[in-house]
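What follows is the residue order along each chain.
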Amino acid sequence: MPPTPAPLGLLCPRAAPSSAAAIVVPARPAAAGAWVAHGSAWLPTNEGTTAATVLVADVRGFTGLSRRLGAAATAAFLNRLFGAIVPCIEAEAGSIDKFIGDAVLAVFGLPMAEGDEADRAVRAAIAIQRRVADLNRTAPHAAGTAIAVAIGIDAGEVFFGRVGAGTWVAPTVIGANVNSAFALQQACKRCHASILISASVRRHLADRYCLRLLDASHPHEPPLYDFGETAPVYEVLDHLSESTFPGLRAALRHYHRGLAASRAGRFAAAERAFAAAIALNEHDPLYRLHAERCRRLRAAKMTDLCNATKRLGVRHRVRL
């Protein structure tokens, strides 16, 4: 006779926290039904759907890193890194769904949404990036290179329950926003970003954050980045400082003015705004990408104008 399946949540043990004070454990839900403690959250022993915010954190360049370190050292590296990441998630009452190789999948809003899940997920992401930066400064790992973590966050309805077959059953969450969070995390590399959030997360944020809109569409040219259904996408910059991102706030103001001018077709004004942002931080690739696109669009606009003028002149000569 096969063993009786364990209650939802017992098959997904959480890592031991660095200190009990760092975990925020909410009160047991008042709703009817059986509940089981899972990390810093309460999960129902049955299945259901709820609105939740999903966070995916993944180590950049992990394949090359694991080859350099070897299997045993890679496992030790991951345990050390996860030991730094998990408390950041638990401090915001997030629940670790699973570890997938070098990635962490966390959920905010189980067993039921309370309205602040997006803020808690973003705060956890900011804390993770700051913690990783501290690790890079104080305790370089064996590979000899800085650790870089990419984080994607999306919000929406998820199914929570057991998934699997036979005795190989584990609790998990499933939903389109889970896939989108993974996609946003993967997009961090090509966007040169550390934290990307969807428009859905942005709409649910109550606190103010330092966000940079990544222009996902343009009326005159294909998008710089194709985010699909998650567009528009925002980059969270609160983990950065003036030392790591010179002219952060001022450059952002120029950047968003440039975006507005570019969308209005005022490409010369947009170029000037992006040039001002580049002057404050010449190493940021996004500002240069937009400046180059504006130059192309302005040149194309001038060409179209010249062609239209020529056509107009031809029509006038015919009439004469």
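Residues numbered from 1 in each chain as written. Predicted model: local features only at pLDDT ≥ 70, side-chain atom pairs only at ≥ 80, totals over all residues. Heavy atoms only, no water.

A look at the overall build of the chain
Assigned secondary structure in the chain consists of eight helices and 10 strands. Buried positions account for 47% of the 320 residues belonging to the chain. Expressed as a percentage of contacts within the chain between residues at least 6 apart in sequence, the contacts between residues at least 24 apart total 70%. Working note: accessible area of the chain is about 16,100 Å², and carbon and sulfur atoms make up 57% of it. (Helix = DSSP H or I, 4+ residues; strand = E, 2+ residues; numbered from the N terminus. Buried < 20%, exposed > 50% of the residue type's maximum accessible area, 1.4 Å probe, protein only. Contact = heavy atoms within 4.5 Å. Areas by Shrake-Rupley, 256 points an atom, 1.4 Å probe, with all protein chains shown as cover.)

Observations concerning the pairing of strand β3 (residues 48-59)
For β3, the tally of buried residues reaches 10 of 12 residues, placing the bulk of the element in the interior. Judged from the 12 bridges that link them, β3 and strand β6 (residues 149-165) form a sheet pairing that is antiparallel. From the neighbouring strand, A57 faces β6, where its bridge partner is I151. Here six bridges tie β3 to strand β5 (residues 103-108), and the two strands are oriented antiparallel to one another. Counterpart to A57 in the pairing with β5 is V104. (Pairing = 2+ DSSP bridges.)

Regarding the state of the cysteines
Taken as a whole and assessed by the stated rule, the structure comprises zero disulfides. C191 forms no disulfide, and the closest cysteine sulfur to it belongs to C188, at a distance of 7.1 Å. (Disulfide = S-S within 2.5 Å.)

Some thoughts on the side chain of T172
With respect to the helices and strands, the residue T172 is situated in strand β7 (residues 168-174). The class for T172 is buried, based on a relative accessible area of 13%. Engagement of the side chain of T172 in a polar contact is seen with the side chain of D97, the distance being 3.1 Å. For T172, the contacting residues outside a window of four places in its chain are D97, K98, F159, F160, G161 and V163. (Polar contact = N/O pair within 3.5 Å; in protein donor to acceptor, adjacent residues only side chain to side chain.)

A word on the side chain of E235
Inspection of the secondary structure assignment puts E235 in strand β10 (residues 233-236). Classification of E235 by relative accessible area gives buried; the value is 4%. With sequence-adjacent residues up to four places away left out, E235 is seen in contact with H192, A193, S194, I195, L196, C210, L211, R212 and L214.

What to know about the nonpolar core
Counting 71 residues, the largest nonpolar core has L55, I153, L196 and I197 as the members making the most contacts within it. A domain split of this core shows at least three residues from each of domain 1 (48-239) and domain 2 (246-310). Leaving out residues up to four positions away in the same chain, I197 has contacts with V122, I153, L184, R202, L205, L211, V233, Y234 and V236. In this structure, A52, V107, V173 and A181 belong to the second largest nonpolar core, which totals 11 residues. (Core = buried A, V, L, I, M, F, W, Y, C linked by side-chain atoms within 4.5 Å. Domains from an automatic or database assignment.)

Things to note about the pattern of salt bridges
The tally for this structure, following the rule as stated, stands at nine salt bridges. A salt bridge links D134 to R137; the nearest nitrogen and oxygen atoms lie 2.2 Å apart. In this pair, D134 and R137 are both assigned in helix α3 (residues 117-138), three residues apart and thus about one turn of the helix distant. Look at D134 and you get partly exposed, because its relative accessible area is 29%. A relative accessible area of 60% means that R137 is categorised as exposed. R212 is paired through a salt bridge with E235; the nearest N and O atoms lie 2.8 Å apart. Within this pair, whereas R212 is found in strand β9 (residues 211-214), its partner E235 is found in strand β10, the two being separated by 23 residues in sequence. Given the relative accessible area of 1%, R212 is considered buried. (Salt bridge = Lys/Arg side-chain N within 4 Å of Asp/Glu carboxyl O.)

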